[in-house]
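# Notes for the structure review
So the chains spell out like this:
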Amino acid sequence: MRDALIEKMYGFRPSEYVQKGLCVPAPTGCGQPVSSFAQASDEAEYKISGLCSECQKKYFKEIS
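Quick caveat, the model's predicted, so the values are computed rather than measured. (Residues numbered from 1 in each chain as written. Predicted model: local features only at pLDDT ≥ 70, side-chain atom pairs only at ≥ 80, totals over all residues. Heavy atoms only, no water.)

### Things to note about the confidence of the model for the protein
On average, residues of the protein carry a pLDDT of 89, and 94% of them reach 70 or more. By mean pLDDT, helix 1 (residues 2-10) is the weakest element of the protein at 81, and helix 2 (residues 14-20) is the strongest at 94. (pLDDT = per-residue confidence, 0-100. Helix = DSSP H or I, 4+ residues; strand = E, 2+ residues; numbered from the N terminus.)

Right, here's the structure in full:
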């Protein structure tokens, strides 16, 4: 259900990018391969949002 909602809002399903080991596409993410995480919590967030550690920092800084 979460994937379907995000797909309606942004046009992509995060789970498809996570399965491929990629960050979600621009403008939300960078679309680059994901190989490591700055913190364990970043990996947990990646599994939800599909955002790599760097994109998480940028995205969550913008909305705070």
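### Remarks on a nonpolar patch on the surface
Together, L5, M9 and Y10 make up a nonpolar patch on the protein surface, roughly 320 Å² of accessible area in all. Its location among the elements puts M9 in helix 1. Judged by its relative accessible area of 51%, M9 is exposed. (Patch = residues over 30% accessible without salt bridge, like charges linked within 9 Å, V, L, I, M, F, W, Y side chains within 5 Å. Areas by Shrake-Rupley, 256 points an atom, 1.4 Å probe, with all protein chains shown as cover. Salt bridge = Lys/Arg side-chain N within 4 Å of Asp/Glu carboxyl O. Buried < 20%, exposed > 50% of the residue type's maximum accessible area, 1.4 Å probe, protein only.)

### Overview of unusual backbone geometry
Of note, the amide linkage connecting A26 to P27 takes the cis form, showing an omega dihedral of 10°. If you trace the backbone, P27 turns up in the loop between helix 2 and helix 3 (40-49).

### Side note on the pattern of salt bridges
Applying the stated criterion across every chain yields a total of two salt bridges. A salt bridge links E54 to K57; the shortest N-O distance between them is 3.2 Å. Here the residue E54 and the residue K57 both occupy positions in helix 4 (residues 53-63), the gap between them amounting to three residues, near one helical turn. For E54, a relative accessible area of 44% corresponds to the partly exposed category. Its relative accessible area of 47% is what places K57 among the partly exposed residues.

### Concerning the side chain of S53
Its place among the elements puts S53 in helix 4. A polar contact of 3.1 Å, which involves the side chain of S53, links it to the backbone nitrogen of A38. Those residues in contact with S53 that sit more than four places away from it in its chain are S36, F37, A38 and D42. (Polar contact = N/O pair within 3.5 Å; in protein donor to acceptor, adjacent residues only side chain to side chain. Contact = heavy atoms within 4.5 Å.)

### Concerning the packing of aromatic side chains
Counted according to the given criterion, the structure contains four aromatic pairs. Seen from their ring centres, F12 and Y17 are 6.0 Å apart, and the 80° between their planes marks the pair as edge-to-face. Between F37 and Y46 the ring centres are 5.4 Å apart and the planes differ by 50°, which places this aromatic pair in the tilted class. Residue class for F37 comes out partly exposed when judged on its relative accessible area of 25%. Among the aromatic residues, ring-to-ring pairing joins Y10, F12 and Y17 into one connected group. (Phe/Tyr/Trp six-rings, centres within 6.5 Å; stacked < 30°, edge-to-face > 60°.)

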